[in-house]
Amino acid sequence: MTLLLCGPWVASPGRAQSPASGYPNRPVKVIVPFATGGPTDVVARLIAQKLSESLRHQFHVENQPGAGGNFGTGNASRAAADGYTLLFTSASYVVNPNLFGKVPYDPHKDFAPVTMVGDGPNVLIVNPTLPAASVGELTALIKANPGRYSFASAGVGTTTHLSGEQLKLALGLDLAHVPFGGSRLVLQSLIGGRPPIAFITVPPALSAIKEGKARALAVLSKTRSSALPDVPTMEEAGFKDQEGHNFQGLLVPAGTPRPIIDLLQREVGRIAKTPDVTARLGALGLDVVANTPEQFAAQLDAEMAKWGKVINDAKLRIQ
């Protein structure tokens, strides 16, 4: 199944392939389908700067926010497949086709993956006054008080929202969702106790956790987060198949010559693994991945299938 799913994501060997020699010979546009200042924008600008230095032509970020990332992604899908328009995006790329009634791109046919640059888990946190010191205690508390508790996320359709829905579905919890317009508002409300439960990305929660203003119960990854080494994973807490994270990755329009894809993958991978960039990604709660196009394609397939099931089972849809 994975082999069948991976095929459409990868540049077809049957298409004309030109050598990467001489690429780039003019500026390269990197579309970020979100506003400036967010994690995707920050990582994209870091990588673009380093690519400009190593490949000796400018890689410039162009922010095209709107419709939860759909506007910029749709524009990138219609760009020429010549390596001079790239898409730097996040998990919204695989969430939105299931969440929205219609999106302006086909995630399987319109793009070829290059590499997942970094990946960071979500974390389940609670207000310290809540009588729950573990995920088990929290779920028992929710089950004992149906309809009483709710959880916060950074917004409808974010992976923090879907992580909460995933746990609700798995355990049959009566737990309402309260969406906020970003992680800062989530933290402010959680510290105030309304609501006392939240799923959030690691970086914005770190200071609150370390200061004791929020209690971290589990990270939603297969292994512990380097930023929160004392916090167990959901599986360690006794709950399997509860991973939830947000990647940052690079794609190109379908049909882009494979030599260009390979060059970009090698350069971005090398850049991401340099000590300074690895440290800066770590400060954003991201672990370096820098995988191959085929590996990235397999992960995109898996993420789309996972979140698609959560969205459909929870009956979530944005028109």
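Structure: see above.
Reading the values: rules and limits
- Residues numbered from 1 in each chain as written.
- Predicted model: local features only at pLDDT ≥ 70, side-chain atom pairs only at ≥ 80, totals over all residues.
- Heavy atoms only, no water.
- Helix = DSSP H or I, 4+ residues; strand = E, 2+ residues; numbered from the N terminus.
- Rg over C-alpha atoms; globule rule 2.2 N^0.38 Å.
- Buried < 20%, exposed > 50% of the residue type's maximum accessible area, 1.4 Å probe, protein only.
- Contact = heavy atoms within 4.5 Å.
- Areas by Shrake-Rupley, 256 points an atom, 1.4 Å probe, with all protein chains shown as cover.
- Lys, Arg positive; Asp, Glu negative; His and termini not counted.
- Charge placed at Lys NZ, Arg CZ, Asp CG, Glu CD.
- Axes fitted to C-alpha atoms, helices over the stretch in contact; angles between N-to-C directions.
- Left-handed = near helix turned anticlockwise from the far one by under 90°.
- Nonpolar A, V, L, I, M, F, W, Y, C, P; charged D, E, K, R; others polar.
- Pairing = 2+ DSSP bridges.
- Salt bridge = Lys/Arg side-chain N within 4 Å of Asp/Glu carboxyl O.
- Parallel < 35°, antiparallel > 145°, perpendicular 65-115°, else oblique.
- Core = buried A, V, L, I, M, F, W, Y, C linked by side-chain atoms within 4.5 Å.

Visitor: Which parts of the structure should I look at to understand the overall build of the chain?
Guide: Along the chain, the regular secondary structure elements total eleven helices and ten strands. The C-alpha atoms of the chain give 20 Å as radius of gyration, which agrees with the globular expectation for 319 residues (20 Å, within 12%). Expressed as lengths along the three principal axes of its C-alpha atoms, the size of the chain is roughly 65 × 40 × 30 Å. Residues counted as buried form 53% of the 319 residues belonging to the chain. Restricting to contacts in the chain with at least 6 residues of sequence separation, those with at least 24 account for 79%. Carbon and sulfur atoms form 55% of the exposed surface of the chain, whose accessible area is close to 13500 Å². Put simply, the chain has 29 plus and 24 minus side-chain charges, and the middle of one group is 4 Å from the middle of the other.

Visitor: Help me understand helix α3 (residues 70-77), please; the structure alone is not making it clear to me.
Guide: Along an α-helix, a turn takes 3.6 residues, which lines up residues three or four apart on a common side. The element α3 is largely enclosed, with a buried count of six among its eight residues. Asn70, Gly72, Thr73, Gly74, Ala76 and Ser77 are the residues of α3 that are buried. Of the surrounding secondary structure, the elements contacted by the buried residues of α3 are β1 (28-32), β3 (85-90), α4 (92-99), β4 (111-126) and β9 (245-253).

Visitor: Looking at this structure, how should I read the packing of helix α2 (residues 39-55) against helix α9 (residues 258-272)?
Guide: Between two packed helices, the angle of one axis relative to the other and the distance separating the axes together describe the packing. Taken N-terminus to C-terminus, the directions of α2 and α9 make an angle of 115°; their axes are 10 Å apart at the nearest point. Like other packed secondary-structure pairs, α2 and α9 cross with a definite hand, here right-handed. Counting all contacts with α2, which are made through Ile47, Lys50, Leu51, Ser54 and Leu55, the residues of α9 involved are Glu267, Val268, Arg270 and Ile271. Class assignment of the residues belonging to the contact of α2 with α9 gives a composition of five nonpolar, one polar and three charged.

Visitor: Would you mind showing me how to read the pairing of β9 here?
Guide: Successive residues of a regular strand alternate their side chains across the two faces of the sheet. Counting buried positions along β9 yields nine of nine residues, so the element is predominantly enclosed. Judged from the four bridges that link them, β3 and β9 form a sheet pairing that is antiparallel. Looking across to β9, one finds that Leu87 is bridged to Leu251. Bridge analysis of β4 against β9 gives nine bridges, and the strand direction is antiparallel. In the strand pairing of β9, Thr115 is matched with Leu250.

Visitor: I'm lost on the pattern of salt bridges in this one. Help?
Guide: Close approach of charged atoms allows side chains of opposite charge to pair. Enumeration over the complete set of coordinates arrives at twelve salt bridges. Glu211 is the salt-bridge partner of Lys213, the closest N and O atoms lying 3.3 Å from each other. Overall, the relative accessible area of 53% leaves Glu211 in the exposed class. Each of Arg258, Asp262 and Glu294 takes part in one network of salt bridges that share partners.

Visitor: Help me understand the pairing of β4 in this model?
Guide: Within β4, 16 of the 16 residues are buried, which leaves the element mostly enclosed by the surrounding structure. Relative to strand β10 (residues 287-288), β4 runs antiparallel, the two being bridged by two bridges. Each residue of the ladder has a partner; that of Asp119, found in β10, is Asp287. Bridge count between β4 and strand β7 (residues 197-201): five bridges; the pairing is antiparallel. Each residue of the ladder has a partner; that of Leu124, found in β7, is Phe199.

Visitor: Can you help me understand the packing of α2 against helix α10 (residues 275-283) in this one?
Guide: For the pair α2 and α10, the least separation of the axes is 11 Å and the interaxial angle reads 170°. Taken together, the axes of α2 and α10 lie roughly antiparallel to each other. Between α2 and α10, the residues in contact are Val43, Leu46, Ile47 and Lys50 and Asp276, Val277, Arg280 and Leu281, respectively. The residue makeup of the contact of α2 with α10, split by class, is five nonpolar, no polar and three charged.

Visitor: Help me out: how do you make sense of the nonpolar core in this one?
Guide: Judged by nonpolar contacts, the single largest core of 31 residues is most densely connected at Tyr23, Ile47, Phe59, Leu86, Phe88, Val117 and Leu264. Broken down by secondary-structure element, the contributors of at least two residues to this core are β1, α2, β2 (59-63), β3, β4, β9, α9 and α10. Those residues in contact with Ile47, other than ones at most four positions away along the chain, are Phe88, Val117, Val268, Ile271 and Val277.

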